[in-house]
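# Structural characterization, general
In case you want the letters, here they are:
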Amino acid sequence: MASLSESEVTNRGSMWELDQNLDQPMDEEAGRLKNMYREKKFSSVLLLRLAFQSLGVVFGDLGTSPLYVFYNIFPRGVDDDEDVIGALSLIIYTLTLIPLLKYVFVVLRANDNGQGGTFALYSLLCRHAKINTIPNQHRTDEELTTYSRQTYEENSVAAKIKRWLEAHAYKRNILLILVLIGTCTAIGDGILTPAISVLSASGGIKVQNQNMSTDIVVLVAVVILIGLFSMQHYGTDKVGWLFAPIVLLWFILIGSVGAVNIHKYNNSVLKAYNPVYVYRFFRRRWNSDIWTSLGGVMLSITGTEALFADLCHFPVLAIQIAFTLIVFPCLLLAYTGQAAYIISHKQHVAYAFYRSIPDAIYWPAFVIATAAAIVASQATISATYSIIKQALALGCFPRVKIVHTSKKFLGQIYIPDINWVLLVLCIAVTAGFKNQSQIGNAYGTAVVIVMLVTTFLMVPIMLLVWKSHWVLVVSFTVLSLIVEVPYFVACILKIDQGGWVPLVIATAFFLIMYVWHFCTVKRYEFEMHSKVSMAWILGLGPSLGLVRVPGIGFVYTELASGVPHIFSHFITNLPAIHSVVVFVCVKYLPVYTVPTEERFLVRRIGPKSFHMFRCVARYGYKDLHKRDEDFEKMLFDCVLFFVRLESMMEGYSDSDEFSVPEQVTGGGASRSLMMSGAAAGAFLGAEKTCSTTMCSNGELSFSSQDSIVPAQSPLRGVMAGGGQLTARWSASTEVGDELEFLNRCKDAGVVHILGNTIVRARRDSGVVKKIAVDYMYAFMRRMCRENSVLFNVPHESLLNVGQIYYI
C-alpha cells in the first residue's frame, strides 16, 4: 500500500484521529492473557503405550494394503517370476522412500502443535507469512500460547520467499487453490478407503466358496459399510481401546504368514531387496503395461497421507517407534511372503493374500482382516471429519452440524450431514464397480495427488518455518518428485478405468469450497468498507441519540475494530437501543486451538456512561462450540470480569504522575504512558478509553476532565446535537454501581443482533459468476446452519438485520 501524502493525512482530519484513539487494539489485554508455552515431555513407558495406541488410529489404512496390491499390479495374471520379483523390489523401495523417509522422518515434523494434514501445513504458512485471504488477524493474536512464528534476517532466503509470497494476491490464491485441491482429494480418499478395504476383506468369502457370485460379496461389503457409518455417532472413543489390539494382531498375522510363506514356497524372492531389480522391472515391462503395474504398486503406500492427517493424538516419536519397529517390518514380510506364494501359484494372484493363508487359521484370519478393514475405514472417515472442520473454521466450507463425541480428545468429532454423504458415495462406488481393480485405480489417483500437494507445501515450510538450506529443500523435493510423478502419470493414464471417480468427487467439493470462500471474503470486504466510525457513534451522545431501553444487546460482527454497518442500519431504522451494547467478534485463527483462558478479549468503547464494550472471541480450527456451553453467559461473565479488573487497575491512577508497569502492558514492549494530573486515571492498562480533547491541528491532548470535548473540530456541530459528552464518576463507588447496573440489564433481557448479509452478483456479471453466487452460494446459505444455532442463541432472543451486497 502506498504511503499517504501530507495532504491526505490532513484531509483525514481529527475525525480519524479521534476514531483511532477511541477504538484502540487490545494489545495490553492480549498481553495479560499470554501464558508461557512448555513442550510436553513423555516418559519412555508412556511413549511405548502411545506407540501401541497409535496402531489402531494411524496405521490401519496402510496395514490393509496387502489385501489388494498384487492383484492390481497384475490384473491380467503373471507370466514370469522376474516380474513378481521386480514388482516386490519396487514395493520395498517405495515403502522405504515415501512412508519411512519422507513422511515418518520429515513431514511429521511439519506438524502444527501436533496437528497434521494439508490445512495444518497451510496454518503454519499463514502464521509465518501474510497469506491468509481473510485478513482478520491482529498482532495481539500472535501472543497466543499456541501461536508460534519465526523472525528472519532482511537478506535471508526465507525473508525473500516471504516477501515474494506476500507481494501479490494471485500468489495467495494459487496457494489456497493448491491446499483446497489436496483437501478435496483427501476427502475422496475418505470415500474410497472404506470401499476398497471392506470389499477386499469381504472377498475372502469367495475364496472358500468358488461358486459364490460377486454380487454376494458386494452385498456383504455394502452391509458392513452401512453398519460402519451407522455407528459413527457413538464416536471412536468408546471403541478406541479395541482398535489397537486388532491392528497389532493384524500386523502380527500378516508378518507371520509372510515369514512362513518365504520359508515354505520360495526364499529366492529375498533378492528383490537388491534395487537392481527395480531397473529390470522397468526394462522388461516398459513396452507392455508398465503404467498399469505402477498404479498397482502405488496402492502399497495408501494410508500414508492418513498417517500425517491423524497425527493429532500422538507425539511424533511414538508414531516413529510404531512404524519402524512394527509396521514397516511386518509390511515387508507380508509383501515378500505373498510374492513367494505367487511365484509358486501364478494362477492365484487375484486373491493372493487369502490363498496364502494356511487352512487351519483361515477363518480367524478372515475375521481379523474384516475387523482391520473396518478400523482402516474408521481412520479415514475420522480424518475426513477433521478436514471438513478445518475448512469450515478457515471460511472454506458451509456451516454444518459438528458433534463432539469425546470428553477426553478434542479431535474426535462427528458430522451427521457429511457422514451420510460419505455413506451414499461409498455404496455407489462399491456397487458400481464391484471389483478391486477399478476402485484401486480411483484410490491411487486420490492418494498420489494428496502426496504431490504435500510435497509442494513442504517447500515453503522448509524455507520459512525450518529455515533449511536450499540444498536440503531441493534434495527433498527432487527425491519426492522422482517417486511420485511416475505414479501420478500412471494413475492419470487410467482415468477411464476408474481414475475419474476421485477427480469428479474432488471437483465437486472444490467448487463448494472455493465458491463459499470467495463469497465469504467478499462479504468480509463489504463489512470492512462499510463500517462506521466510532467518532460518529460518540457524536450521538451517551444515549446514542435514541431511547436506551433496559437490557443488553449483543451485536455480532466479523470486525475486530470499528462499528459494523448492521448497527448503524439498525439504529437508523429503529428508535431504541439497549442500555448495554456489546460488539461481539467471533473469529478463527490459523492455530489448532486457543486456550480457554486466552479466548476472550474485552475492552470498553467510549466513556463509561455509554456502556459500550467490545468482545473478541478467538477460536482455533480444532475448537468447537459445544452444545453444553452457554455462549451468552460466557460473554456476560467476561464483561463483568473486565469491569472488576478495570477497577483494580484504577489504583495506578492515584498518583499525579506514573508509568504503566510492564506487567500491565503485557510485557514485551518497553511501553510507558506518562500522564499528568487527573488525566492519568483515564488511560489504564485494562484497556480503558482515555479522556481526550481534540485540538484544531488534529492532535489529541489529554484533559483533566473525564469527558470528550471536541474543541475547534469538525465534530463540533455533530456533537452539539447530542449534547456535551460528559461522563463524571467516582472511582470508589462506580464499580459496584456498574456491576449492579449490568446485572439489572441482564435480568431485563438479552437480545442477540445478527447480520444477515445476502450476497448477489451484479447485473453486468458474467454467467459463471451469476451461477456461482446467485444459485450455488445462495443454495448453500439456505442449507447450512445459521450462526445463531452455532452460538446456541434462543430464537426468542434473536434479531436478524438484513442487507444486500452486490459483488
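Residues numbered from 1 in each chain as written. Predicted model: local features only at pLDDT ≥ 70, side-chain atom pairs only at ≥ 80, totals over all residues. Heavy atoms only, no water.

If you look the protein up in an unreviewed UniProt entry, it shows as Potassium transporter from Urochloa decumbens. Under Function (unreviewed entry), UniProt gives the following word-for-word description of the protein: "Potassium transporter." UniProt annotates the protein under Sequence similarities (unreviewed entry) with the comment "Belongs to the HAK/KUP transporter (TC 2.A.72.3) family." (UniProt positions renumbered as here; feature names shortened; annotations may be inferred.)

Looking now at the packing of helix H9 (residues 169–202) against helix H18 (residues 362–393). Closest axis-to-axis distance for the H9/H18 pair is 9 Å, and the angle between their directions is 170 degrees. On the basis of the axis angle, H9 is roughly antiparallel to H18. Handedness of the H9/H18 crossing: left-handed. Contacts from Thr183, Ala186, Ile187, Gly190, Thr193, Pro194, Ser197, Val198, Ala201 and Ser202 of H9 reach H18 at Phe366, Ala369, Thr370, Ala373, Ala376, Ser377, Thr380, Ile381, Thr384, Ile387 and Ile388. Along the lines of polarity and charge, the residues of the contact of H9 with H18 split into 12 nonpolar, nine polar and no charged. (Axes fitted to C-alpha atoms, helices over the stretch in contact; angles between N-to-C directions. Helix = DSSP H or I, 4+ residues; strand = E, 2+ residues; numbered from the N terminus. Parallel < 35°, antiparallel > 145°, perpendicular 65-115°, else oblique. Left-handed = near helix turned anticlockwise from the far one by under 90°. Contact = heavy atoms within 4.5 Å. Nonpolar A, V, L, I, M, F, W, Y, C, P; charged D, E, K, R; others polar.)

Time to look at helix H19 (residues 416–433). Here H19 contains 18 residues, and its C-alpha end-to-end distance of 26 Å stays within 8% of the 26 Å for a straight helix at 1.5 Å per residue. Three or more residues of H19 are buried, namely Pro416, Ile418, Asn419, Leu422, Leu423, Cys426, Val429, Thr430 and Phe433. Seen end-on, H19 carries its buried residues on one side only, within an arc spanning 155 degrees. Away from its buried face, by an angle of more than 90 degrees, H19 presents the exposed residues Val424 and Gly432. Trailing H19 by a residue or two, lysine 434 shows a phi angle of about 65 degrees, which is positive. (Expected span 1.5 Å × (residues − 1). Buried < 20%, exposed > 50% of the residue type's maximum accessible area, 1.4 Å probe, protein only. Arc of directions from axis to C-beta.)

This part takes up the nonpolar core. Residues Phe59 and Tyr354 are the most contacted members of the largest nonpolar core, which totals 163 residues. The leading source of residues in this core is helix H20 (residues 436–465), at 17 residues. Aside from chain neighbours lying at most four places away, what touches phenylalanine 59 is Ser54, Phe251, Leu307, Ile319, Ala322, Phe323 and Val327. Formed by 32 residues, the second largest nonpolar core is a distinct cluster that contains Val602, Cys615, Ala617 and Phe631. (Core = buried A, V, L, I, M, F, W, Y, C linked by side-chain atoms within 4.5 Å.)

So, on to helix H14 (residues 290–298). Most of H14 sits inside the fold, with eight of its nine residues counted as buried. Among the residues of H14, Ile290, Thr292, Ser293, Leu294, Gly295, Gly296, Val297 and Met298 are the ones counted as buried.

For the structure on display, the rule yields 21 aromatic pairs. Judged by centre distance (6.3 Å) and plane angle (45 degrees), the ring pair of phenylalanine 600 and phenylalanine 631 falls under tilted. Of this pair, phenylalanine 600 sits in strand E5 (residues 600–605) while phenylalanine 631 sits in helix H25 (residues 631–649); the two residues are 31 residues apart in sequence, bridging distant segments of the chain. On the accessibility criterion, phenylalanine 600 (11% relative accessible area) is buried. Connected via pairs of aromatic rings, a cluster forms that spans Trp250, Phe353, Tyr354, Tyr362, Trp363 and Phe366. Lying across the ring of tyrosine 277, arginine 280 places its NZ or CZ 4.9 Å from the centre. Cation over ring: lysine 746 sits above phenylalanine 636, and NZ or CZ is 5.5 Å from the ring centre. (Phe/Tyr/Trp six-rings, centres within 6.5 Å; stacked < 30°, edge-to-face > 60°. Lys NZ or Arg CZ within 6 Å of the ring centre and 35° of its normal.)

As a further point, take the pattern of salt bridges. Within the structure shown, the criterion is met by 14 salt bridges. In this structure, the salt-bridge partner of arginine 599 is aspartate 623, at a minimum N-O distance of 3.3 Å. Within this pair, whereas arginine 599 is found in the loop between strand E4 (576–588) and E5, its partner aspartate 623 is found in the loop between strand E6 (612–619) and H25, the two being separated by 24 residues in sequence. Given a relative accessible area of 4%, aspartate 623 falls into the buried group. With a shortest N-O distance of 2.8 Å, aspartate 637 and lysine 633 are connected by a salt bridge. Residue aspartate 637 and its partner lysine 633 are located together in helix H25, separated by four residues, close to a single helical turn. Linked through salt bridges whose partners overlap, the residues forming this network are Arg604, Lys608, Glu646 and Glu738. (Salt bridge = Lys/Arg side-chain N within 4 Å of Asp/Glu carboxyl O.)

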